[in-house]
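Architecture and fold: a report
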Amino acid sequence: MCRKTPVRITACLAALLPVITVVSAQSAAADRFVANLKPLNADKIGTSASGTANLETADGKRSITIDAAGLPPGMMHLQHFHGFADGKAATCPTAQADTNGDGFIDLLETETMAGTTMLPFHDQPASLEIASDTYPVADKNGAAKYQHTVLLQDVEKALKEKFESPSLALSSRVIFVHGVAKDMQLPNSVKSLPGVPAQVTLPIACGKIEAVK
Ligand SMILES: [Cu+2]
């Protein structure tokens with residue numbers, strides 16, 4: 001029982017403190033997004049890549065974690081979110097994306113459904129530089145882990161300048177992981193960016209980013 005003596009009042013306040021802390025933690029809930037990465041071109045490349053991406057905002061920073069497995073081992077893999085500058089919803093390509101019918105869904109064939117390469121997941125996402133040697137490297141078992149935190153305002157500013165995109169619009173983006181071994185034989189019909197071998201850009205996994213409620 002709380003009697004009105006100074007000592008008792010302090011004890012009563014102390015008993016209330018944990019309740020107050022819990023309430024404030026709930027009101028500051030972070031926004032979270034996930035993408036379940038599913039294999040692309042698996043039947044052609046002989047490995048089935050998959051994984052999970054988590055994107056979480058707190059205190060003006062966005063932390064991104066991508067755990068992938070089944071990747072071609074012992075090599076670096078480009079990974080980005082792709083989307084449309086006008087905010088139209090991007091989707092992962094289906095078999096219909098293989099417009100030249102060669103059995104591969106190459107980078108250029110993803111554009112109708114998934115838009116263009118926007119935000120890279122390497123050591124400097126806000127640079128928006130696609131060419132980098134700091135993308136994650138798959139270990140000998142084909143597993144790769146990426147963890148990075150960016151200032152939300154830096155990324156939003158960069159995307160706005162390059163794409164005139166009003167916001168991150170994460171729910172309208174898809175994440176791609178790319179790349180097969182450089183000595184893998186691919187038909188000439190598999191297209192890539194100018195000057196970049198198709199082995200580097202071939203999509204091997206894709207996942208739509210979705211808000212976690
Ligand atoms: Cu990409």
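One can find the structure itself at the top, above this paragraph.
Owing to the predicted nature of the structure, the values given are computational and were not obtained by experimental measurement.

Conventions adopted
Residues numbered from 1 in each chain as written. Predicted model: local features only at pLDDT ≥ 70, side-chain atom pairs only at ≥ 80, totals over all residues. Heavy atoms only, no water. Helix = DSSP H or I, 4+ residues; strand = E, 2+ residues; numbered from the N terminus. Buried < 20%, exposed > 50% of the residue type's maximum accessible area, 1.4 Å probe, protein only. Areas by Shrake-Rupley, 256 points an atom, 1.4 Å probe, with all protein chains shown as cover. Contact = heavy atoms within 4.5 Å. Donors = N, O, S within 2.8 Å, 3.2 Å for Na, K, Ca; no water.

Another aspect to go through is the overall build of the protein. Scanning the protein for helices and strands turns up five helices and eight strands. Taken from N to C terminus, the helices and strands of the protein fall in the order α-β-α-β-β-β-α-β-β-α-β-α-β. In the protein, which comprises 213 residues, the proportion classed as buried is 43%. For the protein, the exposed surface amounts to about 11700 Å²; the carbon and sulfur share of it is 57%.

Mapping Ala 68 onto the fold places it in strand S3 (residues 61-69). With a relative accessible area of 10%, Ala 68 lands in the buried category. Placed 15 residues apart in sequence, Ala 68 and Ala 53 show a C-alpha to C-alpha distance of 8.4 Å. For Ala 68, the residues in contact, after removing those within four places along its chain, are Ser 50, Gly 51, Gly 142, Ala 143 and Ala 144.

Moving on, we get to the coordination of the copper ion. Distances from the copper ion to its protein donors, His 80 (ND1), His 82 (NE2) and His 178 (NE2), fall within 1.9 to 2.0 Å. Residue classification places His 178 among the buried residues on the basis of a relative accessible area of 2%.

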